[in-house]
Amino acid sequence: MPKRDLKYIFVVGGVMSGVGKGITSASIGKILQARGFSVAALKIDPYVNVDAGTMNPTEHGEVFVLDDGMECDQDMGNYERFLDRDLTRANYMTTGSIYLEVIRRERNLEYGGKSVSVVPYIPLEVIARINRAARLAAADVVLVEVGGTVGEYENILFLEAIRILRLKRPKDVLVALVSSIPALGAGGTELKTKPTQHAVRNLNGVGLQPDLIFGRAPVPLDAKRKEKLSLMCGVAEEDVISAPNVESIYDVPLNFEKEKLSDRVIAKLGLRSRRHDLKEWRALSRVVHSARKEVRIGVVGKYFDSGDFMLADSYISVLEALKHAAHSWKRKPVIEWINSEEFERDPHALKSLLSYDGIVIPGGFGSRGVEGKIAAIRYCRERRIPYFGLCYGMQLAVIEFSRHVAGLRRANTTEIDQKTPHPVIDIMPEQKKNLAAKDYGATMRLGAYPASLREGTIAFNAYREPLISERHRHRYEVNPDYIKKLGEHGMVFSGFSPDRRLMEIVELPRNKHPFFLGTQFHPELKSRPLRPHPLFKAFVGAAIKRKK
Ligand code: GLN
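**Q** Explanation requested: the overall build of the protein in the structure shown.
**A** Counting its regular elements, the protein contains 20 helices and 23 strands. Seen along its three principal axes, the alpha-carbon backbone of the protein occupies a region of about 70 × 60 × 40 Å. A buried classification covers 58% of the 548 residues belonging to the protein. At a minimum sequence separation of 6, the contacts of the protein that also span at least 24 residues come to 73%. Of the roughly 23600 Å² of accessible surface on the protein, a fraction of 52% belongs to carbon and sulfur atoms. For the protein, the separation between the mean place of its 83 positive charges and that of its 66 negative charges on side chains is 3 Å.

Listed below in structure tokens is the structure:
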């Protein structure tokens, strides 16, 4: 059982999706944590997908991977970054995963011959999972973000779970509505509360009344708007919280505290008030706002026709990790997206890479834009531009080196060319059977694996420890048959699985290149604003040096 006096905060969205429920939830968690409470954060996704591993990142945003290999929504990354805590699969659920479990139990006769109706059994399973996650985290407060928007069909059973829980524990449940307040008028400052009033009606229609309303708007809510929302939606004026757009997401908890949010939550839930401690967070915010000197990083990837917004969402952890590192060096990060297909059309375009202090190639799948990425890697290697390859970006660096340094002209990954004479990146036997079985869900190399580091390398100097643990999400690996040859030509394998079978980090020696390094894992998944990832820190450090 969870703690007897466990408190629940549910965060639901009003009017439309993409209003920043995840950041709002993470920020509520942060300020409660800063007041000394142990907080567990959960996300419920309304999709039938059992996990996020089968969702296209250009449609749904980045697939975030936890230590235990769970593939989940990008919001889980925000929770880990804000709360500085590693989460587990207990913290994430989808409609699909809940039904799968209820059906499994039904098949197993665990309902003792009862007819298993959707209500209450689905909401009860949701509540059981929330309690379990709270217990595992020994939480005082459990924060649950409900995906989707109130009024739609898909999340209705989750709202039903809130209603049932509130019926059982009326004093322990808080409902927060994060709602979009559109701005009209010439200057875009005339804030409209009507859509939010409708959202509250929708919520009332399923038996719920919000306790707090977060008004997501381009600008802060003025007194008049707060008064109106209070009157029309039935919440106290102090419980209408202004959530304006911000330059840095890490300002959101500080803005909420300006509105005395933690005091309100503590009073409403009958918690005993404790000290405030947001010191480090405030210091971070000061750096974010005062850093003037820039560090310019180019991220090379394939073109997305879904536009810049989705692009930022698809690589949110990479972008955040770069920002954490830049801020730790007191620099202002300027991060630009570079379309690798451009380099395939016009090799002269590669010159544009010289205007960056460092280049990143992040994870990816498939063949589009790959030759352009390889050309970019070659350019960075030859022109001594700091280069950092993440997963696919590492595999492609191995291919580039094989082709142009080790003389294996047609080297490739079997992901792209199954008949290549030099499969320097190849699929491992244990993965082959997954592809053949066509049962793809959760079959990649996923989650945390240990790696040993070789002393005297860039990697070792960055981590300053011999054994690390990092998160993975890929099918292909450096082919062990080529390690010796690549080593003879000067590629350094500085990180490898403790049994030395899998190569986890490759780099070039310092005397050959200021920073050329690739990781088979995804270091971006473990970077935190107050604890930037050591490799990102080292990479951005090298980029800053190039500038001088
Ligand atoms: N496509 C590559 C693989 O499956 C890399 C995956 C990634 O970058 N996450 O191994």
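There is more to say after this.
**Q** When you look at a positive patch on the surface in this model, what are you seeing that I'm missing?
**A** Among the surface-exposed residues, Lys194, Arg201, Lys224 and Lys228 lie close enough to one another that they form a single positively charged patch. Examined against the element boundaries, Lys194 turns out to sit in helix 7 (residues 194-205). The partly exposed category is assigned to Lys194, whose relative accessible area is 48%.

**Q** Where do I start with helix 15 (residues 370-382) in this structure?
**A** An α-helical segment advances 3.6 residues per turn. Residues three or four places apart therefore align on the same side. Between its first and last C-alpha atoms helix 15 spans 18 Å; for 13 residues at 1.5 Å apiece the expected length is 18 Å, and the two agree. Listed in full, the buried residues belonging to helix 15 are Val370, Gly372, Lys373, Ile374, Ala376, Ile377, Tyr379, Cys380 and Arg381. Looking at the buried positions of helix 15, the neighbouring elements they touch are strand 12 (294-301), helix 14 (341-345), strand 14 (358-361), strand 15 (387-390), helix 16 (392-404) and strand 23 (516-519). At the C-terminal side of helix 15, Arg384 shows a positive phi close to 60 degrees.

**Q** Mind showing me how you'd approach the site of the ligand here?
**A** In the region of the ligand, the neighbouring residues are Gly363, Gly364, Phe365, Cys391, Tyr392, Gln395, Glu415, Arg473, His474, Arg475, Tyr476 and His522. In this structure, an oxygen atom belonging to the ligand sits 2.9 Å away from a main-chain N or O atom of Gly364. Separating an oxygen atom of the ligand from a side-chain N or O atom of Gln395 is a distance of 3.1 Å. Burial of the ligand by the surrounding chains reaches 98%, relative to a free accessible area of 300 Å². The site holding the ligand turns out to be the largest cavity. Among the secondary structure elements, those contributing two or more residues to the shell around the ligand are helix 16 and strand 19 (467-474).

**Q** Any chance you could explain the layout of surface pockets here in plain terms?
**A** A water-sized probe rolled over the atoms picks out the places where empty space is left. In this structure, the second largest pocket encloses a volume near 680 Å³. Along its surface, the second largest pocket is lined by 34 residues, and Pro57, Val63, Gly364, Phe365 and Arg473 are the ones closest to its centre. Considering only residue class, the lining of the second largest pocket consists of 15 nonpolar, 11 polar and 8 charged.

**Q** Please explain the packing of aromatic side chains as it appears in this structure.
**A** The geometry of an aromatic ring pair is captured by two quantities: the separation of the ring centres and the angle between the planes. All chains considered together, the criterion is met by 12 aromatic pairs. For the pair Phe82 and Trp281, a centre-to-centre distance of 5.6 Å together with 45 degrees between the ring planes defines the contact as tilted. One end of the pair, Phe82, is in helix 3 (residues 75-83); the other, Trp281, is in helix 11 (residues 279-290), with 199 residues separating them in the sequence. There is no split in this pair, since Phe82 and Trp281 are both buried. Taken together, a centroid distance of 4.9 Å and an interplanar angle of 70 degrees make the contact between Phe388 and Phe536 edge-to-face.

**Q** Any chance you could explain the packing of helix 5 (residues 118-136) against helix 6 (residues 156-168) here in plain terms?
**A** A pair of packed helices is characterised by two quantities: the angle between their axes and the separation of those axes. For the pair helix 5 and helix 6, the least separation of the axes is 8 Å and the interaxial angle reads 80 degrees. Our classification of the angle between helix 5 and helix 6 gives roughly perpendicular. Seen from helix 5, the contacting residues are Val118, Val119, Ile122, Pro123, Leu124, Val126 and Ile127; seen from helix 6, they are Leu157, Phe158, Glu160, Ala161, Ile164, Leu165 and Lys168. Residue classes in the contact of helix 5 with helix 6 are distributed as 12 nonpolar, no polar and 2 charged.

**Q** Is there a simple way to explain empty space enclosed by the protein in this structure?
**A** Scanning the model with the defined rule gives 1 cavity of 30 Å³ or more in all. Considered as a void within the structure, the largest cavity measures approximately 60 Å³ in volume. Forming the boundary of the largest cavity are Gly364, Phe365, Cys391, Tyr392, Gln395, Glu415, Arg473, His474, Arg475 and Tyr476. Mapped by element, the contributors of at least two residues to the lining of the largest cavity are helix 16 and strand 19. Here the lining of the largest cavity is built from residues that sort into 4 nonpolar, 3 polar and 3 charged.

**Q** Even after reading the chapter, I still don't get the pattern of salt bridges, so can you show me in this structure?
**A** Oppositely charged side chains can form a pair if their charged atoms are brought close together. Tallying each qualifying case throughout the model produces 44 salt bridges. The shortest N-O distance in the salt bridge between Arg264 and Asp239 comes to 2.7 Å. Residue Arg264 is found in helix 10 (residues 261-269), and its partner Asp239 is found in the loop between helix 8 (223-233) and strand 11 (240-244); the two are separated by 25 residues along the sequence. A residue is classified by how much of its surface remains accessible, and Asp239, at 2% relative accessible area, is buried. Its salt-bridge partner being Arg381, residue Glu400 comes within 2.7 Å of it at the nearest N-O pair. A residue pair is termed long-range when its members are at least 10 positions apart, and Glu400 in helix 16 and Arg381 in helix 15 qualify at 19 residues.

**Q** Can you walk me through the side chain of Glu524 in this structure?
**A** Along the chain, Glu524 turns up in the loop between strand 23 and helix 20 (534-547). At a separation of 2.8 Å, a polar atom in the side chain of Glu524 contacts the side chain of His522. Non-local contacts of Glu524, meaning those with residues more than four positions away in its chain, are made with Ser317, Val318, Ala321, Leu390 and Phe536.

Thresholds, definitions, all that
- Residues numbered from 1 in each chain as written.
- Predicted model: local features only at pLDDT ≥ 70, side-chain atom pairs only at ≥ 80, totals over all residues.
- Heavy atoms only, no water.
- Helix = DSSP H or I, 4+ residues; strand = E, 2+ residues; numbered from the N terminus.
- Buried < 20%, exposed > 50% of the residue type's maximum accessible area, 1.4 Å probe, protein only.
- Contact = heavy atoms within 4.5 Å.
- Areas by Shrake-Rupley, 256 points an atom, 1.4 Å probe, with all protein chains shown as cover.
- Lys, Arg positive; Asp, Glu negative; His and termini not counted.
- Charge placed at Lys NZ, Arg CZ, Asp CG, Glu CD.
- Patch = residues over 30% accessible without salt bridge, like charges linked within 9 Å, V, L, I, M, F, W, Y side chains within 5 Å.
- Salt bridge = Lys/Arg side-chain N within 4 Å of Asp/Glu carboxyl O.
- Expected span 1.5 Å × (residues − 1).
- Near = heavy atom within 4 Å.
- Polar contact = N/O pair within 3.5 Å; in protein donor to acceptor, adjacent residues only side chain to side chain.
- 1 Å grid on protein atoms, 1.4 Å probe; cavity = no way out; pocket = protein on both sides within 12 Å on 5 of 7 lines; lining within 4 Å.
- Sits in = over half its atoms within 2 Å of the grid points.
- Points joined across faces, edges and corners; volume = space filled by probe spheres on them.
- Nonpolar A, V, L, I, M, F, W, Y, C, P; charged D, E, K, R; others polar.
- Phe/Tyr/Trp six-rings, centres within 6.5 Å; stacked < 30°, edge-to-face > 60°.
- Axes fitted to C-alpha atoms, helices over the stretch in contact; angles between N-to-C directions.
- Parallel < 35°, antiparallel > 145°, perpendicular 65-115°, else oblique.

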